[in-house]
Amino acid sequence: MSLKINELCVNCDVCEPVCPNRAIAQGETIYVIDPALCTECVGHFDEPQCVVVCPVECIDPDPDHPETEPQLLAKLRRLQQESA
């Protein structure tokens with residue numbers, strides 16, 4: 001499942017640089033996560049790094065983009081092939 005940044009975001013800038021897939025970007029008012037790029041850090045880390053560093057705990061699972069771990073791994077492989 002992709003992650004989603006909620007309205008509690010304070011734009012502290014710590015999540016964007018830790019995302020290995022570059023799925024996080026500044027939105028109109030808060031940071032946003034691109035569900036096409038988010039793999040919850042599966043294949044990179046044991047837990048989502050944005051969640052680890054977020055000081056206000058504003059990152060939640062995105063119910064609009066449910067994915068299993070095998071699906072997230074497949075997405076990661078696809079992203080790696082596209083960037084090669």
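Calculation criteria
- Residues numbered from 1 in each chain as written.
- Predicted model: local features only at pLDDT ≥ 70, side-chain atom pairs only at ≥ 80, totals over all residues.
- Heavy atoms only, no water.
- Helix = DSSP H or I, 4+ residues; strand = E, 2+ residues; numbered from the N terminus.
- Rg over C-alpha atoms; globule rule 2.2 N^0.38 Å.
- Contact = heavy atoms within 4.5 Å.
- Polar contact = N/O pair within 3.5 Å; in protein donor to acceptor, adjacent residues only side chain to side chain.
- Disulfide = S-S within 2.5 Å.

The name given to the protein chain in an unreviewed UniProt entry is YfhL family 4Fe-4S dicluster ferredoxin, with the source organism recorded as Luteimonas rhizosphaericola.

### So, the overall build of the protein chain
Looking only at helices and strands, one finds two helices and four strands in the protein chain. Going from N to C terminus, the protein chain has its helices and strands arranged as β-β-β-α-β-α. Against the globule reference of 12 Å for 84 residues, the protein chain gives a C-alpha radius of gyration of 12 Å, in line with a compact fold. Taking the principal axes of the C-alpha coordinates as reference, the protein chain spans close to 35 × 25 × 25 Å. Counting only contacts in the protein chain whose residues sit at least 6 apart along the sequence, the fraction spanning at least 24 positions is 69%.

### Examining the side chain of K75
When you line up the elements, K75 lands in helix α2 (residues 69-83). Among the polar contacts made by the side chain of K75, one reaches the main-chain carbonyl oxygen of C38 at a distance of 2.7 Å. If near-sequence neighbours (up to four positions away) are discounted, K75 is found in contact with P35, A36, L37, C38, T39 and E67.

### Section: the state of the cysteines
This structure, assessed with the given rule, holds zero disulfides. C12 carries a free sulfur, and the closest cysteine sulfur to it, the one in C54, is 6.0 Å from it. You can see C58 has no disulfide; the closest cysteine sulfur is in C54, sitting 3.6 Å from it.

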